[in-house]
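# Coordinate analysis (summary)
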Amino acid sequence: MNDISRREALQTLGVLCCGALMPPALMSCASSKQVTQKEEANVLTLLLDEYEGDTLIVKSKKYMYPISVSRSEDGKFIALLMQCTHKGCELRSEGTYLVCPCHGSEFDSQGKVLNPPADKPLRAFPVRTDEQYIYIDIS
Ligand code: FES
């Protein structure tokens, strides 16, 4: 399958802009990036070649919170539900950290609590990859 047909097989659901997923109509940020994905049978599929080393923020139909996708130093991907484990506020991506705007909890890129009041790690989804895609199991 070539790049064009792969992209056509997936769906562009939004635009990553300054760490937030925005509808394409609101695309005005200089650092915006198209996020192409497909969601089927509780699996989110992303194009591996769209990952450029930063955190990707993607949305699923299943969860009202976005999912942060990043890569650890050992090359493994990690996908985290951006729902604070303290009282459920949506987290913001701040570089390699996830920060809660409600009471200040901070989480590292692996979902581990760095700063309370949250005391539980973020929900992590299993991730696998092949030569072309990143597959996130959101079941
Ligand atoms: Fe996130 Fe309270 S809801 S720190």
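Scroll up for the structure.
This structure is a prediction, so every number in the text was calculated from the model and none was measured.

The rules behind the values
- Residues numbered from 1 in each chain as written.
- Predicted model: local features only at pLDDT ≥ 70, side-chain atom pairs only at ≥ 80, totals over all residues.
- Heavy atoms only, no water.
- 1 Å grid on protein atoms, 1.4 Å probe; cavity = no way out; pocket = protein on both sides within 12 Å on 5 of 7 lines; lining within 4 Å.
- Points joined across faces, edges and corners; volume = space filled by probe spheres on them.
- Helix = DSSP H or I, 4+ residues; strand = E, 2+ residues; numbered from the N terminus.
- Nonpolar A, V, L, I, M, F, W, Y, C, P; charged D, E, K, R; others polar.
- Pairing = 2+ DSSP bridges.
- Core = buried A, V, L, I, M, F, W, Y, C linked by side-chain atoms within 4.5 Å.
- Buried < 20%, exposed > 50% of the residue type's maximum accessible area, 1.4 Å probe, protein only.
- Contact = heavy atoms within 4.5 Å.

With that settled, the discussion passes to empty space enclosed by the protein. Counted by the stated rule, this structure contains 2 cavities of 30 Å³ or more. The computed volume of the largest cavity comes to approximately 50 Å³. Every residue along the wall of the largest cavity is listed here: Thr55, Ser68, Ser70, Leu80, Ser93, Gly95, Thr96, Tyr97, Leu98 and Ser109. Counting residues per element, the ones that place at least two in the lining of the largest cavity are β6 (67-71) and β9 (97-99). The residue makeup of the lining of the largest cavity, split by class, is 3 nonpolar, 7 polar and no charged.

Right, let's talk about the sheet that holds β6 for a bit. Reading across the sheet, the 4 strands line up as β5-β6-β7-β12 and stay open at both edges, with antiparallel pairing between neighbours. The open sheet has two free edges, formed respectively by β5 (56-58) and β12 (124-125), since each of these has just one partner strand. With 5 bridges joining them, β6 and strand β7 (residues 77-81) adopt antiparallel strand pairing. Bridging from a neighbouring strand, Ile67 pairs with Leu81 of β7.

Here the focus is the nonpolar core. One finds Ile67, Val69, Phe125 and Ile136 to be the most contacted residues of the largest nonpolar core, which totals 18 residues. Broken down by element, this core gets its largest block of residues, 3 residues, from β7. Setting aside anything within four residues of it in sequence, one finds Phe125 in contact with Tyr63, Ile67, Ala79, Leu80, Leu81, Ile136, Asp137 and Ile138. Of all hydrophobic cores here, the second largest spans 12 residues; its members include Ile57, Cys84, Cys89 and Leu91.

This part takes up the environment of Phe125. Tracing the chain through its elements places Phe125 in strand β12. Phe125 gets classed as buried once you look at its relative accessible area, which sits at 5%. Sequence separation between Phe125 and Ile78 is 47 residues, and the spatial gap between their C-alpha atoms is 7.2 Å.

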